[in-house]
Amino acid sequence: MKQKVNKITETQLLVDFPIKSTVDGWYFRASETSNNCWKVEGQNQWGNKLSRTGNDPIVLQQELEKIAAQIEKEIK
């Protein structure tokens, strides 16, 4: 059964994902899960989520932004 998905506002997303992406509608957060091990998570305004773990949060976010851009391209 299909359910209606409401668009999440930027204000709501920024509470949990404080890093605004270069890709419109996407927001990220980075957390160090253990010594020099990072988890970067992203979400868009429609509830789609991405995550990656590794040693460099900047590189991880860049990788996720590329994936987010591909997702947005496919959606439109």
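In this text the structure is predicted, and so the values were computed from the model without any measurement.

Asks: Explain the nonpolar core to me, please; I cannot follow it from the model alone.
Replies: The tendency in soluble globular proteins is for nonpolar side chains to be buried side by side. Core analysis: the largest hydrophobic core is formed by eight residues, namely V23, W26, F28, V40, L50, L60, L64 and A68. Of all the secondary-structure elements, those providing two or more residues to this core are β2 (26-34) and α2 (57-75). At three residues, the largest contribution of residues to this core is made by α2. Dropping the residues within four chain positions of it, W26 is found in contact with I19, K20, S21, G42, Q43, N44, N48, L50, A68, I71 and E72.

Asks: Explain the pairing of β2 here, please?
Replies: On any regular strand, side chains alternate: one points to one face of the sheet, the next to the other face. The sheet contact formed by strand β1 (residues 19-20) and β2 spans two bridges and is antiparallel. Its bridge partner being in β2, I19 is matched across the sheet by F28. Where β1 folds back onto β2 in an antiparallel hairpin, the turn is made up of five residues, including G25, whose phi is positive at roughly 85°. Between β2 and strand β3 (residues 37-44), which follow one another and run antiparallel, lie two residues, and N36 among them has a positive phi close to 60°.

The rules behind the values
- Going along each chain's sequence as written, the residues are numbered from 1 onward.
- Under the rules for a predicted model, residues below a pLDDT of 70 receive no local features and side-chain atom pairs below 80 are neither given nor counted, while totals for whole chains, interfaces and linings still include all residues.
- As a rule here, side-chain values come from all non-hydrogen atoms in the structure, and water together with hydrogens is ignored.
- Think of a nonpolar core as a cluster: buried Ala, Val, Leu, Ile, Met, Phe, Trp, Tyr and Cys residues, connected wherever their side-chain atoms sit within 4.5 Å.
- Working definition: with a 1.4 Å probe on protein chains only, accessible area under 20% of the residue-type maximum means buried, over 50% means exposed, and in between means partly exposed.
- Counting from the N terminus, the helices are DSSP H or I runs at least four residues long and the strands are E runs at least two residues long.
- Residue contacts are defined here by distance: any two heavy atoms, one from each residue, within 4.5 Å place the two residues in contact.
- A pair of strands is considered paired only if DSSP assigns at least 2 bridges between the two.

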